[in-house]
Amino acid sequence: MFMKKAQVLALLVAALAFCLAFMAAGVLVVSAAFMAAGLAVTFWVTRSLVRDVRRRRLDRPA
């Protein structure tokens, strides 16, 4: 039983959509990892700045 041209075209489009879905999922995972790294660095810098400000206020005489 041979497939019709429309069926072959539909299979090719479905395969392309499937590949694009996997690529998008991979991009989402990589993007989420970079976002988490950026948030971690931002948190670390903010925490260190707040700690430095608190130390300077404590070291200063009243």
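Below is a summary of the structure that appears in this document. Because the structure is predicted, anything quoted here is derived from the model rather than measured.

**Here's the deal with a nonpolar patch on the surface**
Among the surface-exposed residues, Met3, Val8, Leu11 and Leu12 lie close enough to one another that they form a single nonpolar patch of about 380 Å² accessible area. Among the secondary structure elements, Met3 is positioned in the segment before α1 (5-59).

**Some details on the packing of aromatic side chains**
Tallied over the entire structure, the rule returns one aromatic pair. Residues Phe18 and Phe22 carry aromatic rings whose centres are separated by 4.9 Å and whose planes lie at 85° to one another, so their mutual orientation is edge-to-face. In this pair, Phe18 and Phe22 are both assigned in helix α1, four residues apart and thus about one turn of the helix distant. Take Phe18 and Phe22: they sit in the same class, and that class is exposed.

Rules and cut-offs
- Residues numbered from 1 in each chain as written.
- Predicted model: local features only at pLDDT ≥ 70, side-chain atom pairs only at ≥ 80, totals over all residues.
- Heavy atoms only, no water.
- Patch = residues over 30% accessible without salt bridge, like charges linked within 9 Å, V, L, I, M, F, W, Y side chains within 5 Å.
- Areas by Shrake-Rupley, 256 points an atom, 1.4 Å probe, with all protein chains shown as cover.
- Salt bridge = Lys/Arg side-chain N within 4 Å of Asp/Glu carboxyl O.
- Helix = DSSP H or I, 4+ residues; strand = E, 2+ residues; numbered from the N terminus.
- Phe/Tyr/Trp six-rings, centres within 6.5 Å; stacked < 30°, edge-to-face > 60°.
- Buried < 20%, exposed > 50% of the residue type's maximum accessible area, 1.4 Å probe, protein only.

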